[in-house]
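Structural overview for review
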2 protein chains.
Amino acid sequence: MDRDTIFSTLSQVGSNVRLQEGIYGLIKFLAVIDRYPHSSMINISKESGFPIPICVAIRNELVKIKWCSKESKGTSVTELGSKALFELGRFNKSFSCSNCENGLTFPIENYKEIIEKLRALTDLRGPPNTVIDQSFATTETSLVRVLTMGDNYDLFFRNYAFVGDSDLTSIALALLIGSKSRITVFDIDTRIRDIIEKANEEHNFDIIFVEHDLRTSIPEEYRNKYDCFVTDPPYTIDGLNLFISRGIELINNSTGGVGYLSFGNKPPNDQLLMQKNLSKMRCLITHIFARFNEYIGAQKLGGVSNFYRMQILSGAKPIIDNNYEGFLYTGERKPTKRLYQCKNCKIEIEVGQNQKFVTIEQLKEVGCPECKKYIFQKKRERKAE
Amino acid sequence: MDRDTIFSTLSQVGSNVRLQEGIYGLIKFLAVIDRYPHSSMINISKESGFPIPICVAIRNELVKIKWCSKESKGTSVTELGSKALFELGRFNKSFSCSNCENGLTFPIENYKEIIEKLRALTDLRGPPNTVIDQSFATTETSLVRVLTMGDNYDLFFRNYAFVGDSDLTSIALALLIGSKSRITVFDIDTRIRDIIEKANEEHNFDIIFVEHDLRTSIPEEYRNKYDCFVTDPPYTIDGLNLFISRGIELINNSTGGVGYLSFGNKPPNDQLLMQKNLSKMRCLITHIFARFNEYIGAQKLGGVSNFYRMQILSGAKPIIDNNYEGFLYTGERKPTKRLYQCKNCKIEIEVGQNQKFVTIEQLKEVGCPECKKYIFQKKRERKAE
């Protein structure tokens, strides 16, 4: 049984039950039963989010094709159903907290090997390029993102796109699910390309890297082909609109898909604008994981951001559907100039846009222009007029 | 120190720091420090959701008016600050799960007395009126709703409105916070009025009941006066739009406020429409508690619904701003007719709109028209054309 056979079988089931959630809705339903064997319809309804009459209808169809059995102690997945599910993805674990049942706990210690492999690669990145609002999520955050996707039954997709991936979450995904699915990363930073190439070599992955400035539309060959995108956009509403728009260009427009968004807290009016734009683009927010992502540094945001799961409905429409020339990064709207002093020779160096050093990270990498030492103290900071 | 003094003091602080979240944002900030004494700015920023520079600015202002102290081990609330907070509300508890920290756990056993008092009152309601989509939440759900409001720093408000309250959550609130705040219930069901009057007598509460058909606009005297509304609308998009619109009419339009919404899972397109409408009305979804509410019966929904917290931004605008004459309840759009048979005398009785018995609950209450027995079997169910 291959993916295409499974899909054509499920497409028949789908048309019999007229499920708005489509084939991936059916796969989720099957995965729910697989995760909780011998469940009652009421519990399957709660877990899947489908009303009971619809659950009964789907179950009956799955019994007909012998993917599910209907026993007195509840419904279970048959060997045939298991095979189909296994072909689509092998990761079907819940991380529900055993204490409260509404939170998530991640036994990081069980994923030590993945963390170590991932850290060996993320360590190669060098400092974040803060000019393009890069700030790196911790290695644990990258892992926990993909585990959360798993908890939400989102690791059965065929095609995953990363709209920017300075956190290397794509590698965490590949380390978790192996080569079951196709993973593509769109990023402008060639350091990311080099690391992904290294990961592909070392671990025999097939992650595709597309060097791409996301201000430009997604190339035709990649459009309308993905089931899931993951993004951590620049920390502005424009950046958000642009990266989500690119994500939507990638998603299969007739089936829809899923999007995972990392974004920090903004003032209420900006957050409202964000939700307005998302619903305009047909992105339905299903989960808000507050303070989920932890970053190295990024003190202004308190070092955290929220993680959103969105269902991208069929017929989704990007707000920005051509090349984008406007502001994108926090530094562009109100460029900040900072004056640093070398702790050793005391000379002062201006850091900011149109200066020799655009960020303090760059200055630290090169060292003091006078004495070549690496320790600086901030003397002044001001927004440009 | 009374509420007005506190508010004028905080209004000065607010104008000094220009906080978009307004006075209640400052109260939340104070409550965060009160809940977590000796906290670092980074932790206060994480918990409050305000960026660190803004946290520092607020803290400095609160130190100036001697409501907070600034010590080497972190910030704390002074006796004066405590007094102010205590005047606004006494409930400042976290229910964060100690295991996962991102879920909530409610030690129901600590609230046994409230549960018992509440159950004694909810037991008086009689059967739900399913014609107006009533289905009663469990007593525990009513309590846990208000505890969740507390966890979210939402029990410091002056005025609470319940837009429909067949679950008697208003009484759970009064049992929890006493007479600190004003609570008003708007409902068409006079059984609710009778129970609230009884609760007022027994427990010396001042809950105001306004007998009101929510199809009609909120009377002028109640508009623009509340800080928080709670609603569990009829299970249709029209019902949702109407009840949220009425909630917004109640909220103080210049300061904004908070709304708590209970609503079941709908197909994705309907959920998207819901989010679109909410953001159009300037309701910002901050929390989605999936499968939070449990109902007695309500099997079609799997007996559960989601609980949403929304920030109602200043200048919020209802979608429905006059009297509403359209469909509202699930039964109106596609009225269902059911045929029941008396288990005893075998006569058949049609139940549904325009019949003598509109619901099976009514039939059971009156008994079989022939033999007066109370047990019936459903023979047939169909949607009217």
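Use the structure listed above.
All values derive from a computational prediction rather than experimental measurement. (Residues numbered from 1 in each chain as written. Chains lettered and ligands numbered in written order. Predicted model: local features only at pLDDT ≥ 70, side-chain atom pairs only at ≥ 80, totals over all residues. Heavy atoms only, no water.)

1. Quick word on the overall build of chain A
- Counting its regular elements, chain A contains 13 helices and 12 strands.
- Over its C-alpha atoms chain A spans a radius of gyration of 23 Å, differing by no more than 12% from the 21 Å that the globule rule assigns to 385 residues.
- Taken over the C-alpha atoms alone, chain A extends approximately 80 × 40 × 40 Å along its principal axes.
- Going through the 385 residues of chain A one by one, you find that 54% of them count as buried.
- By sequence separation, contacts in chain A at least 24 residues apart represent 67% of the contacts at least 6 residues apart.
- In the form shown here, chain A has an accessible surface area of approximately 17,000 Å², with 47% of it arising from carbon and sulfur atoms. (Helix = DSSP H or I, 4+ residues; strand = E, 2+ residues; numbered from the N terminus. Rg over C-alpha atoms; globule rule 2.2 N^0.38 Å. Buried < 20%, exposed > 50% of the residue type's maximum accessible area, 1.4 Å probe, protein only. Contact = heavy atoms within 4.5 Å. Areas by Shrake-Rupley, 256 points an atom, 1.4 Å probe, with all protein chains shown as cover.)

2. A look at empty space enclosed by the protein
- Applying the stated criterion across every chain, the model contains two cavities of 30 Å³ or more.
- Here the second largest cavity is characterised by a volume of approximately 30 Å³.
- Forming the walls of the second largest cavity are A:Gln275, A:Ser279, A:Ile285, B:Gln275 and B:Ile285.
- Here the residues of the lining of the second largest cavity sort into two nonpolar, three polar and no charged. (1 Å grid on protein atoms, 1.4 Å probe; cavity = no way out; pocket = protein on both sides within 12 Å on 5 of 7 lines; lining within 4 Å. Points joined across faces, edges and corners; volume = space filled by probe spheres on them. Nonpolar A, V, L, I, M, F, W, Y, C, P; charged D, E, K, R; others polar.)

3. Some points on the relation of the copies chain A and chain B
- Screw-axis analysis of chain A against chain B gives a translation of 0.0 Å along the axis, an RMSD of 0.1 Å, and a rotation angle of 180°. When the rotation and shift are considered jointly, the pair of chain copies conforms to a two-fold rotation axis. Scanning chain A for the C-alpha nearest the rotation axis identifies A:Gly103, at a separation of 1.8 Å.
- In this assembly the copies share their binding face: 100% of the residues contributing to the interface of chain A also contribute to that of chain B. (Least-squares fit on C-alpha atoms with pLDDT ≥ 70 in both.)

4. Let's talk about the environment of A:Leu272
Residues and elements named next belong to chain A.
- Structurally, Leu272 can be placed in helix α11 (residues 268-280).
- The class for Leu272 is buried, based on a relative accessible area of 2%.
- Sequence separation between Leu272 and Ile114 is 158 residues; the distance between their C-alpha atoms is 37 Å.

5. Some thoughts on the sheet that holds strand β6 (residues 228-231) of chain B
Residue and element names in this part refer to chain B.
- Spatial strand order, β5-β4-β3-β6-β7-β9-β8: seven strands in an open sheet with mixed pairing. The two strands at the open ends of the sheet, each matched to only one other strand, are β5 (208-211) and β8 (283-294). When the angles between neighbouring strand axes are averaged without regard to direction, this sheet yields 15°.
- Of the pairings in the sheet, the one linking strand β3 (residues 159-163) to β6 comprises four bridges and is parallel in character. Looking across to β6, one finds that Phe162 is bridged to Val230.
- Contacting β3 and β4 (182-187), helix α8 (residues 169-177) runs over the sheet at an angle of about 155° to β3.
- Running at roughly 165° to β5, helix α9 (residues 190-203) makes contact with β4 and β5 of the sheet. (Pairing = 2+ DSSP bridges. Axes fitted to C-alpha atoms, helices over the stretch in contact; angles between N-to-C directions.)

6. A few points about the pairing of strand β2 (residues 74-77) of chain B
All names here are of chain B.
- With burial as the criterion, each face of β2 is covered, one bearing Gly74 and Ser76 and the other bearing Thr75 and Val77.
- Relative to β2, strand β1 (residues 68-71) runs antiparallel, the two sharing four bridges. Residue pairing in the sheet places Glu71 in a bridge with Gly74 of β2.
- A loop of two residues connects β1 with β2, the two strands running antiparallel in sequence.

7. Side note on helix α8 (residues 169-177) of chain A
Residues and elements named next belong to chain A.
- Most of α8 sits inside the fold, with nine of its nine residues counted as buried.
- Where α8 is concerned, the buried positions are Thr169, Ser170, Ile171, Ala172, Leu173, Ala174, Leu175, Leu176 and Ile177.
- Of the surrounding secondary structure, the elements contacted by the buried residues of α8 are α6 (112-122), α7 (139-151), β3 (159-163), β4 (182-187) and α9 (190-203).
- Of the residues one or two after α8, Gly178 is the one with positive phi, at around 65°.

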